[in-house]
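One letter stands for each residue in the lines below.
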Amino acid sequence: RDAKFGLFIHWGLYAVPAGVYDGKPVGGIGEWIMKNAKIPVETYAKYADGFNPTQFDARKWVKMAKDAGMKYIVITSKHHDGFALFPSEASKWNVRDATPYKKDLLAPLVTAAKSEGLKIGFYYSQSQDWNNPGGAKSGSPEGGGWDEAHKGSYDTYLKDVAVPQVRELLTRYPIDILWWDTPMFMDRRRAEPFAALTKLRPGLMMNNRLGGGFNGDTATPEQFVPVTGYKGDWETCMTMNDHWGYNAVDKNWKSSADLIRKLADICAKGGNFLLNIGPTAEGEFPPACIERLKDIGHWLKTNGDSIYGTTAGPFPYLSWGVATRKSDKLYLHVFEWPKDRKLRVPLDNTPKSAALLVSPDKKLTVTKDKDCLVIDVPATAPDAVDSVITLEVEGTPMVRPLPTAGATVTASGSASGSEPANALDGSGEKRWRAPAEAKSAWLELNLAEPAPISAFGLDEPDVWPRMNQKFTLEAYAADQWIKVAEGKTNGHGLKKSITPVTAQKFRLTMECDKGSPGVAELQLYRGE
């Protein structure tokens, strides 16, 4: 809760083909290349000969993470291809026994992280394993696969490989975090031995992907920032480009500015940001990743107080940015600097003081205007990406209720257990979804009273494959339905401004080609 920012590392044999098989780029995420290209076990095993990371320097990696302002690291100890970055007695498919490097890669990283005061954790694919016989394979029935060499008993795999390897990890390394993934076929009986092992390390944190009803400590939205955030502790994990593992052909890098704003947005909703790097087979971070780490670290050196140790801000929506909170201080992260030099903050409190975080002794003038505070700001933003203003007010921040407070919601139809009310529960964890046969469906909101709406946000169900949907938002005004927004989603939801409209009824229509339409959360917002 204090750290807020960590480094995810996806590293393994998939860094050798680097997204290319048989001379052609393979679609899908890079560390899934064995499954996506249906590479036989014997063929994939040959990549181990090319995995010799002589440039790996654990201290250098940790130093880059620390300089970037990251407070913890999570690395893949074993991903779905079954290859372990540590010596294992449970499977010879590991860095010591299968590669020319022949040394443990995890121990030096743990030592380096601890020496620099960073927490350290391991990702472990407990269910999927495409090499060891019996491991789960996405898209295949239990015990199946695309190669006879890896078919077998799933329970035998768990007993002989996965459970012993987790025991090895928890008894050999003083880790702080265990990050499970893809709990295929993982019922309560199968998950219990893993959960029991975590007691070997008191205080160990784990995520919510073990399966079998073990919810863990943290929710894990992947590759997106929830519009509303989640209740409880949560952590967005995200790549810098489009792949987790190193992919030589993927140049679609997110900008440093985008990543800094995502960090602020996540913290403003009470979450953590676990940002990923896929090192090369030689053991180096790609130059584009290093550049972004440096940029984020530079910003955090000045603005870290507005990130570390903060809690969610009180505002569900701000047209100009986001806000974090620490005790009686609000940190206003201004992405869009006001051209009229008037920053409007929707609070009905008496102001105490305001100042730029970079110039705390130079107080800014704050006045009240109805249920808003207005801060006079300089003509030019001190930071083109995210300028932070510290605001203190008397008492608990008083924010106008959301327009959807007290609203009723109906739908054209709903699947069992996916009621329309889930879309207004304030969290993206539950969802409304139309019946299975539907390709188009709508939600209708009837607000408690007419309200001026200038933006909306929606979260989509966190399911695979992602639900890319067409949407249309309408408002009932002047005795007719008026279209106020339309477009397509990317499976992660969105937040958009609209031309302001005052209405009491709103209707969201969704169309989906990948199963029935659905929404995890829908909110309407007033402007400042």
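The structure under discussion appears in the preceding block.
What counts as what
- Residues numbered from 1 in each chain as written.
- Predicted model: local features only at pLDDT ≥ 70, side-chain atom pairs only at ≥ 80, totals over all residues.
- Heavy atoms only, no water.
- Buried < 20%, exposed > 50% of the residue type's maximum accessible area, 1.4 Å probe, protein only.
- Helix = DSSP H or I, 4+ residues; strand = E, 2+ residues; numbered from the N terminus.
- Arc of directions from axis to C-beta.
- Contact = heavy atoms within 4.5 Å.
- Pairing = 2+ DSSP bridges.
- Axes fitted to C-alpha atoms, helices over the stretch in contact; angles between N-to-C directions.
- Parallel < 35°, antiparallel > 145°, perpendicular 65-115°, else oblique.
- Left-handed = near helix turned anticlockwise from the far one by under 90°.
- Nonpolar A, V, L, I, M, F, W, Y, C, P; charged D, E, K, R; others polar.
- Salt bridge = Lys/Arg side-chain N within 4 Å of Asp/Glu carboxyl O.

K.L.:
Looking at this structure, how should I read helix H5 (residues 106-115)?
P.N.:
Structural remark: α-helix, 3.6 residues per turn; residues separated by three or four positions point the same way. The complete set of buried residues in H5 reads Leu106, Leu109, Val110, Ala112 and Ala113. One side of H5 carries all its buried residues, which in axial view fall inside an arc of 165 degrees. For H5, the exposed residues set more than 90 degrees away from the buried face come down to Thr111 and Ser115. Looking at the packing, one finds that the buried side of H5 touches strand E1 (5-9), helix H3 (58-67), strand E4 (72-78), strand E5 (119-124) and helix H6 (154-172). Just downstream of H5, Gly117 is the residue with a positive phi angle, here 80 degrees.

K.L.:
Honestly, the sheet that holds strand E14 (residues 351-356) in this entry has me stumped. Any pointers?
P.N.:
Within the open sheet, the five strands sit side by side as E10-E11-E12-E17-E14. Their pairing is antiparallel. Edge positions in the open sheet fall to strand E10 (311-312) and E14, since each of these has one partner strand only. Relative to strand E17 (residues 387-393), strand E12 (residues 329-334) runs antiparallel, the two sharing six bridges. Bridge pairing in E17 places Leu332 opposite Ile389. Strand contacts of helix H8 (residues 256-268): E10, strand E11 (321-326) and E12, with the helix running at about 55 degrees to E11, the strand carrying the most contacts.

K.L.:
What should I look at first to understand the packing of H8 against helix H9 (residues 287-303) in this one?
P.N.:
Between two packed helices, what matters for the description is the angle formed by their axes and the separation of those axes. In contact at an axis separation of 9 Å, H8 and H9 are set at 50 degrees when each is read in the N-to-C sense. Comparing the axis directions of H8 and H9 gives the class oblique. Taken as a pair, H8 and H9 cross one another with a handedness that is right-handed. Along the contact surface, H8 presents Ser256, Leu259, Ile260 and Leu263, while H9 presents Glu291, Arg292, Asp295, Ile296, Trp299 and Leu300. Broken down by class, the residue content of the contact of H8 with H9 amounts to six nonpolar, one polar and three charged.

K.L.:
I'm lost on the side chain of Glu222 in this one. Help?
P.N.:
Locating Glu222 in the fold gives a position in the loop between strand E7 (205-206) and strand E8 (235-239). In this structure Glu222 touches Arg209, Cys237, Trp244, Asp462, Trp464, Arg466 and His492, once residues within four positions along its chain are discounted.

K.L.:
Please explain the pattern of salt bridges as it appears in this structure.
P.N.:
It is possible for side chains of opposite charge to pair when their charged atoms get near one another. Under the definition given, this model contains 28 salt bridges. With a closest N to O distance of 4.0 Å, Glu474 and Arg507 form a salt bridge. Taken together, the positions of Glu474 in strand E21 (residues 469-477) and Arg507 in strand E23 (residues 494-512) put the pair 33 residues apart, joining distant regions of the chain. Overlapping salt bridges bring together Glu142, Asp155, Arg189 and Arg190 as one network.

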